[in-house]
Amino acid sequence: MLRKVCMYVSMVYMLMFAIAFIVMPVFKIDVTFFLVIPLLAIYFFVNLHISKLKEEISTNATGLICGAFYFSMCIICVCMDVFGNRSLQMIWTPLAFIVFPMVYIDKMYKYGIEELIIILIYAPLGYFNKSIELFRLDLHILIAAYIIAMICAHIILEMRSKAGLTLIELKKMSAIDKLTHVLNKGALLQKIDNYYLQKEAEAPSAMLIIDLDDFKQVNDNLGHNTGDLLLERVGTLLISSFRVYDIIGRYGGDEFVVLMPNMTDPAILQLRCRTLQMFLADVQLGNGQPFSVSIGAVIDKGYHASQDVFRIADDALYKSKIMGKNCVTTWMVEKESEVSIKPIIINIVENEDDPLAKLGDDSDEYLYKVVSDVDESIRTISQYRENIKAIVVNMAVEMESDGIILRYIKTREGFSNIPVLAIASTDEEARKAKKLGANKVQKSDLPPEKYRNTISKLISMEEI
């Protein structure tokens, strides 16, 4: 804007000279009329310097540069009106008073203070250099121009403010999903990315992915209007159930995502998820059937990127889905300190005393991660999926959990290509392992070296 002002001031200045010679026969050019030339030259180089800066200058610096230009231009106008034509009524300063608030955006008190200072500067200069009649007339015109300038500034700033608020409101509206009143997918991902870019390195957060159970059946059996009403109700419940600063959005058709900054307690997170499920169970669809959702939730203490946390939360949701309807899976993601050193083999054992727990004690080639809990096993597989070369499962663990680990691995995209060695102590366990898709089944009474050889062969086959 300052560049445009400098250009237009030069053009208007020359035009006003031409008009002055035509309409005022007594008009004479004074040396003060040329003071604007060095001012425009100075600001030409200021503009040139600013345009070469790699970063934008601050708002305060912009205000200072433009304010100095405005003030200097008014002082030059005062000199032209006082010394240029002592016998004529002032022209330039009142014009500057009225015009500049229209092109120069700032707070009203700054306009008022600057123009009041200009009036105070003009008063002694006009009093001692002009006739008393012209001085009084000039002062009257200048005060009138000051009042008009303040009114114009108020109207223009109010209009710009309303336009700005309207623009902000439009941006908000474009970011909101019209049906559920939460963020749409684009705005949701942008907000999450911005949070991860601005947060401190190890600031904790929780991410939830919420999926509506059997939503397709709702649309097919009860109609799309009922489905839309259900989605709207879910959006309302999400807004009321989470904190003001939590990021809530609709990721897909019937899938929602919530990011909770500074959430560290898995018990509180689990309670929040269960409470949400309880509220949603009260939603009436008109067919007498209860409504439910499955949730995958992850707490990360700041060690992972947003896409990694989202991927793990999505894996947690998948575990909830294969466990049945209305389930919650809550994981605490650990810090990956030694992942990059060696490829990983997940060793799922019955307990710490299981002989298989020491399977990797003599291994220099692989890092064996020993886990004994079903939920921890799947969480570990999800977190380290990129570096996992093989998985060893003691089928005693699987028999207690109805084979959920193998079912998860062999049906989940991204895990199904990981070779699995199942260790069975009974024929029933062996049959179960083969049914669930284990790549190799071996008895539990073999020496550790046999297992390690089998693992190496499985990995070699996978790499081929």
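Notes on the structure follow. Since the structure is predicted, the reported quantities are computational estimates derived from the model, not experimental observations.

## Some remarks on the overall build of the chain
Consideration 1: Helix and strand content of the chain: 16 helices and ten strands.
Consideration 2: Since a compact globule built from 464 residues should have a radius of gyration of about 23 Å, the 37 Å found for the chain marks it as more spread out than a globular shape.
Consideration 3: Each of the 464 residues in the chain was classed as buried or not, and the buried ones make up 46%.
Consideration 4: A separation of at least 24 residues holds for 70% of the contacts in the chain among residues at least 6 apart in sequence.
Consideration 5: Working note: accessible area of the chain is about 24700 Å², and carbon and sulfur atoms make up 59% of it.
Consideration 6: One way to put it: in the chain the 48 positive side-chain charges average out to a point 6 Å from where the 56 negative ones average out.

## Digging into the packing of aromatic side chains
Consideration 1: On inspection of all chains with the given rule, the structure shows nine aromatic pairs.
Consideration 2: Judged by centre distance (4.9 Å) and plane angle (70°), the ring pair of Y43 and F69 falls under edge-to-face. Of this pair, Y43 sits in helix 2 (residues 36–51) while F69 sits in helix 3 (residues 59–84), and the two are 26 residues apart along the sequence. For the pair Y43 and F69, a shared accessibility class is recorded, and that class is buried.
Consideration 3: On the numbers, 5.4 Å between centres and 80° between planes, the contact of F44 with F45 is edge-to-face.

## So, the pattern of salt bridges
Consideration 1: Summed over the entire model, instances satisfying the criterion amount to 14 salt bridges.
Consideration 2: Here R412 and D314 are joined by a salt bridge, their closest N and O atoms 2.9 Å apart. Highlighted residues: R412 in the loop between helix 14 (404–411) and strand 9 (420–424) and D314 in helix 11 (residues 306–323), separated in sequence by 98 residues.
Consideration 3: The exposure class assigned to R412 is buried, which follows from its relative accessible area of 13%.
Consideration 4: Taking relative accessible area as the criterion, D314 reaches 23% and is therefore assigned partly exposed.
Consideration 5: Counted as one network, the salt bridges with shared partners bring together D314, D315, R385 and R412.

## Here's the deal with the sheet that holds strand 1 (residues 205–212)
Consideration 1: Strand order in the open sheet made by the five strands is 2-3-1-4-5, with mixed pairing throughout. Every other strand in the sheet has two partners, leaving strand 2 (247–250) and strand 5 (328–333) as the edge strands with one partner each. Across this sheet, the average inter-strand angle for adjacent strands is 10°, counted without regard to direction.

## Let's talk about the side chain of N219
Consideration 1: Tracing the backbone through its elements, the reader meets N219 in helix 8 (residues 215–222).
Consideration 2: Given the relative accessible area of 14%, N219 is considered buried.
Consideration 3: The contact partners of N219, leaving out residues within four places of it in the chain, are H224 and G227.

## Notes on a nonpolar patch on the surface
Consideration 1: A cluster of nonpolar residues, I143, I147, I151, I155 and M159, forms a patch on the protein surface that exposes about 470 Å² of accessible area.
Consideration 2: For I155, the position within the fold is in helix 6 (residues 132–175).

## Remarks on the nonpolar core
Consideration 1: By size, the foremost hydrophobic cluster in this structure holds 51 residues, and its most contacted members are I192, M207, I346, I348, I381, I391 and I405.
Consideration 2: In terms of residue count, the dominant contributor to this core is helix 11 (seven residues).
Consideration 3: Counting 39 residues, the second-largest nonpolar core is a separate cluster that includes V5, M73, V82 and I118.

Basis of the calculations
- All residue numbers refer to positions counted from 1 along the written sequence of the respective chain.
- The predicted nature of this model means local features are confined to residues of pLDDT at least 70 and side-chain atom pairs, given and counted, to a pLDDT of 80 or more, with totals for whole chains, interfaces and linings taken over all residues.
- Heavy atoms throughout the structure, all of them, feed into the side-chain values; hydrogens and water do not.
- Counting from the N terminus, the helices are DSSP H or I runs at least four residues long and the strands are E runs at least two residues long.
- Atoms considered for the radius of gyration are the C-alpha atoms alone. The globule rule reads 2.2 Å times the number of residues to the power 0.38.
- Exposure classes here rest on a 1.4 Å probe applied to the protein chains alone. A residue is buried below 20% of its type maximum, exposed above 50%, and partly exposed in between.
- We call two residues in contact whenever any of their non-hydrogen atoms come within 4.5 Å of each other.
- Areas reported as accessible are Shrake-Rupley estimates using a 1.4 Å probe. Residue values count occlusion only from the protein chains shown.
- Only four residue types enter the tally: Lys and Arg on the positive side, Asp and Glu on the negative side; His and the chain ends are excluded.
- Think of each charge as sitting on NZ of Lys, CZ of Arg, CG of Asp or CD of Glu.
- Note on aromatic contacts: the rings of Phe and Tyr and the six-membered ring of Trp form a pair at centre separations within 6.5 Å, being stacked when their planes are under 30 degrees apart, edge-to-face when over 60 apart, and tilted otherwise.
- Here, a salt bridge means any Lys or Arg side-chain nitrogen found within 4 Å of an Asp or Glu carboxyl oxygen.
- Two strands pair under a simple rule: DSSP has to find at least two bridges between them.
- For helices, the fitted axis covers only the stretch in contact; all axes are lines through C-alpha atoms, and the angles between them, taken along N-to-C directions, range from 0 to 180 degrees.
- Exposure above 30% relative accessible area and no salt bridge define the residues that can form patches, which grow by joining like charges within 9 Å and nonpolar side chains of Val, Leu, Ile, Met, Phe, Trp and Tyr within 5 Å.
- The criterion is simple. A nonpolar core is a set of buried Ala, Val, Leu, Ile, Met, Phe, Trp, Tyr and Cys residues joined through side-chain atoms within 4.5 Å.

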